[in-house]
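Given next are the chains, with one letter for each unit.
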Amino acid sequence: MKVLVTGGMGYIGSHTCIALHQAGYTPVIYDNLSNASVKVIDQLAQITGHHFDYIVADIGDKDALSAAINDHHIQAVFHFAALKAVGESTEQPIRYYQNNVAKTLTMIEVMSELNVKKLIFSSSATVYGDPQYLPIDEQHPISSTNPYGWSKVMVEQALNDLAASDGEWLTIALRYFNPVGADKSGLIGESPKGIPNNLMPFIAQTAVGRREHVSVFGDDYDTPDGTGVRDYIHISDLADGHVAAFSHHFNHEQAGTGSYAYNLGTGEGYSVLEMIKAFSVASGVDIPYQLAPRRSGDIACNYADASLAKQGFGWQAKRDINAMTADTWRWQTNYPNGLDE
Ligand code: NAD
Ligand code: WQD
């Protein structure tokens, strides 16, 4: 079965292509390269022994998308393509709504016209806004604090309405907590352009000597050590979650129709200081850090109730914090400046 993977050269999409391939699916990658390197294709070939077909195009380009779906006899779309920098989204909201919402709707129109009505969507725990209770389950009220987050909320709403209006559609929104780590081969991983926004790539770049120290944003939160707590999930577990969710719904649940949302997290939280310590152990580098003021918009604590995915399709995260840090370190030392530099 051939599936289109939009954003398939990016961090999460590329790892999911490995999981899809291992499960017997044939991913066809569709990416405009706005935040990825085409070298990922060769890396994936080294890892899997398979050279994936790919198309360099934008999801808003109806002709290119139609051709990709038709030429490859695509049966489902795994939709990762999006802009994802929270801070940037507050400065350029319309660009975010255009890319993440408007173009997703265009893509869905094309899929409808071609009668491809199975969609797996990259959502985020950011749709829960400031948590009202922990752990966060899927019933938690939906909101957001920034345009990036609202773009995810809007697409989820559109998917619910779509599936309610047309009983042939299957839509699955997967709400990721904090994806980290890299494929165990060390051949692909996360390489943000410029200064990393997220903790794990910042720690990794500090350990490898690209940054002087990690700034710990706030040590006076209501958490055991005062620093922010998050539910970090290994990227390969996240990738497996996509395959498990799709396979389950496509093959069993209500003949592969309806609209669903699942958390993908571990259910366990780690603080900023615990992450720095774990990375020091994995890398053997004493990672310098400095306490800094809170980052605006941050919350104290966030972790998932991941039981719905376990009950629903038997998925749970298997890889621990040691694998998350060791695999990140392998990738970071192999490619300290990413694939392109
Ligand atoms: P990424 O930037 O590495 O991957 C996104 C890919 O989409 C890139 O390769 C980019 O070139 C491509 N792309 C962007 N806009 C496109 C367009 N209009 N047409 C075609 N291709 C386009 O990001 P990622 O971390 O792999 O994130 C994948 C998805 O998961 C995104 O939807 C993101 O919002 C979501 N998500 C990410 C995180 C995280 O922390 N990384 C957490 C929750 C949700
Ligand atoms: C984690 C913790 C920081 C950097 C973001 C998005 C979210 C989702 C995942 C896409 C916090 C602290 C960080 C640093 C630090 N993305 N920190 N020093 O904020 O939980 O989530 O990425 O959907 O939408 O908001 O992740 O990695 O930025 O921060 O102390 O240099 O690390 O304050 O406590 P976050 P993060």
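Residues numbered from 1 in each chain as written. Chains lettered and ligands numbered in written order. Predicted model: local features only at pLDDT ≥ 70, side-chain atom pairs only at ≥ 80, totals over all residues. Heavy atoms only, no water.

Looking at the site of ligand 2
Applicable threshold: Whether a residue is near a molecule or strand depends on its heavy atoms: it is near if one of them lies within 4 Å of it. Here a polar contact is taken to be a pair of N or O atoms separated by no more than 3.5 Å, where protein atoms must pair a possible hydrogen donor with a possible acceptor and residues adjacent in sequence count only if both atoms sit in side chains. Every accessible area reported is derived by Shrake-Rupley at a probe size of 1.4 Å, with residue values counting cover from the shown protein chains alone. Helix and strand assignments come from DSSP, with helices taken as H or I runs of at least 4 residues and strands as E runs of at least 2, each series counted from the N terminus. Side-chain classes are defined by residue name, with Ala, Val, Leu, Ile, Met, Phe, Trp, Tyr, Cys and Pro counting as nonpolar, Asp, Glu, Lys and Arg as charged, and the others, Gly among them, as polar.
In the vicinity of ligand 2, 17 residues are found, and the nearest of them are Y148, L199, S215, R230 and D298. One of the backbone nitrogen or oxygen atoms of F217 is found 2.9 Å away from an oxygen atom of ligand 2. With respect to ligand 2, the side chain of R230 contributes an N or O atom lying 2.5 Å from an oxygen atom. Contact with the protein chains removes 86% of the 690 Å² of surface that ligand 2 exposes when unbound. With three residues, strand β8 (residues 214–217) is the largest single contributor of residues to the shell around ligand 2. Grouping the amino acids of the shell around ligand 2 by side-chain chemistry returns seven nonpolar, seven polar and three charged.

Side note on the site of ligand 1
The environment of ligand 1 is made up of 27 residues, and the closest members are I12, D31, N35, K84 and Y148. Within the backbone of I12, a nitrogen or oxygen atom sits 2.8 Å from an oxygen atom of ligand 1. In this structure, F80 approaches ligand 1 through a main-chain N or O atom, which is 2.9 Å from an oxygen atom. With the chains in place, 95% of the 820 Å² that ligand 1 exposes on its own is no longer accessible.

Topic: the packing of aromatic side chains
The test is simple: To pair, rings of Phe, Tyr and Trp, with the six-membered ring standing in for Trp, must have centres within 6.5 Å; the planes then decide the type, stacked if under 30 degrees apart, edge-to-face if over 60, and tilted in the middle. Accessibility here uses a 1.4 Å probe with only protein chains present; expressed as a share of the type maximum, an area under 20% marks a residue as buried, one over 50% as exposed, and anything in between as partly exposed.
Within the structure shown, the criterion is met by seven aromatic pairs. Aromatic pair Y262 and F313: ring centres 4.8 Å apart, planes at 85°, arrangement edge-to-face. In this pair, Y262 sits in strand β11 (residues 258–264) while F313 sits in helix α10 (residues 307–313), placing the two residues 51 residues apart along the sequence. Across the pair, exposure class does not vary: Y262 and F313 are buried alike.

So, helix α6 (residues 147–165)
Spelled out, the test is: For a helix, the expected span equals 1.5 Å multiplied by the residue count minus one. Residue contacts are defined here by distance: any two heavy atoms, one from each residue, within 4.5 Å place the two residues in contact.
The end-to-end C-alpha distance of α6, which contains 19 residues, comes to 27 Å, matching closely the 27 Å that a straight helix rising 1.5 Å per residue would cover. By the burial criterion, the buried members of α6 are P147, Y148, G149, S151, K152, V153, V155, E156, L159, L162 and A163. Contacts made by the buried residues of α6 are with α4 (86–91), α5 (93–113), β5 (118–124), β6 (170–176) and β11. Between the side-chain oxygen at the start of α6 and the backbone nitrogen of Y148 there is a gap of 3.2 Å, and the oxygen is on N146.

A short note on the nonpolar core
Convention followed: Nonpolar cores were defined as sets of buried Ala, Val, Leu, Ile, Met, Phe, Trp, Tyr and Cys residues, with membership established by side-chain atoms within 4.5 Å.
By size, the foremost hydrophobic cluster in this structure holds 41 residues, and its most contacted members are L44, F78, I172, L174 and L264. Listed by contribution, the elements that provide at least two residues to this core are β1 (2–6), α1 (11–22), α2 (40–48), β4 (76–79), β6, α8 (235–251), β11 and α10. With residues up to four places along the chain from it excluded, the contact list for L264 reads L174, R175, Y176, F177, I233, L238, G241, H242, A309 and W315. Grouped together as the second largest cluster of nonpolar side chains are 27 residues, L65, V77, V116 and F121 included.

Considerations on the packing of helix α3 (residues 62–71) against α5
Short version of the rule: To get an axis, a line is fitted to the C-alpha atoms, and for a helix only the part in contact is used. The angle between two axes follows their N-to-C directions and goes from 0 to 180 degrees. Relative orientations are named as follows: roughly parallel for angles under 35 degrees, roughly antiparallel for angles over 145 degrees, roughly perpendicular for angles from 65 to 115 degrees, and oblique for any other angle. Helix crossings fall into two classes, left-handed where the near helix is turned counterclockwise from the far one by less than a right angle and right-handed where it is turned clockwise.
Between α3 and α5, the least distance of the axes is 10 Å, while the angle of their chain directions is 40°. Between α3 and α5, the angle falls in the class oblique. In this structure, α3 crosses over α5, and the sense of that crossing is right-handed. Here K62, L65, S66 and I69 of α3 come into contact with α5, specifically with T106, M107, E109, V110, M111 and E113.

Here's the deal with the packing of helix α7 (residues 199–207) against helix α11 (residues 321–334)
Put simply, α7 and α11 touch, their axes get as near as 10 Å, and they point 55° apart. As far as their axial angle goes, α11 and α7 are oblique. Classified by chirality, the crossing of α11 by α7 is right-handed. In this structure, α7 contributes M200, A204, Q205 and A207 to the contact, and α11 contributes M324, T325, T328, W329 and Q332. Grouping the constituent residues of the contact of α7 with α11 by class yields five nonpolar, four polar and no charged.

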